[in-house]
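An overview of the molecular structure
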Amino acid sequence: VATAGGLLFAANQDRQFRAWDMDDGKVVFETALPSVPGGVPAVYRAGGRQYIAVPAASYNPALAAMASIAGTKGVNSIVAFALPGTD
């Protein structure tokens with residue numbers, strides 16, 4: 001998913017959630033998810049702040065198999081991050 005601020009977010013089967021700067025392609029954020037991603041990240045605004053949420057799930061047998069290959073079972077969750085504010 002792309003943001004109006006010029007970031008491109010993607011969650012990958014390696015259980016990493018990354019953001020790239022669309023101007024220069026550099027990774028500006030990277031973190032591990034508790035499970036393999038289970039869908040497309042969602043960008044939303046609440047209380048004047050922008051957030052991005054990504055589903056990470058191990059309930060799907062195919063996803064659970066990938067998680068076990070990575071070394072852990074993982075947990076079903078939705079992980080949300082606040083984007084940097086402009087103030």
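Up top is the structure these notes are about.
This report concerns the structure included in the present document. Quantities reported herein were computed from a predicted structural model and do not represent experimental measurements.

1. Things to note about unusual backbone geometry
If you check the backbone angles, arginine 15 has positive phi at about 70° while not being a glycine. As for its placement among the helices and strands, arginine 15 is situated in the loop between β1 (7-11) and β2 (16-21). The class for arginine 15 is buried, based on a relative accessible area of 11%.

2. Observations regarding the sheet that holds strand β4 (residues 42-46)
In spatial order, the strands read β4-β5-β6; together these 3 strands make up an open sheet with antiparallel pairing. Whereas interior strands pair on both sides, the edge strands pair on one side only; in this sheet they are β4 and β6 (77-82). Between one strand and the next, the sheet's axes are offset by a mean angle of 30°, whatever the strand orientation. Strand direction decides the pairing type here: strand β5 (residues 49-56) and β6, joined by 6 bridges, are antiparallel. Looking across to β6, one finds that proline 55 is bridged to isoleucine 78.

Rules used in this analysis
Residues numbered from 1 in each chain as written. Predicted model: local features only at pLDDT ≥ 70, side-chain atom pairs only at ≥ 80, totals over all residues. Heavy atoms only, no water. Helix = DSSP H or I, 4+ residues; strand = E, 2+ residues; numbered from the N terminus. Buried < 20%, exposed > 50% of the residue type's maximum accessible area, 1.4 Å probe, protein only. Pairing = 2+ DSSP bridges. Axes fitted to C-alpha atoms, helices over the stretch in contact; angles between N-to-C directions.

Keep in mind these numbers describe shape, not what the thing actually does.
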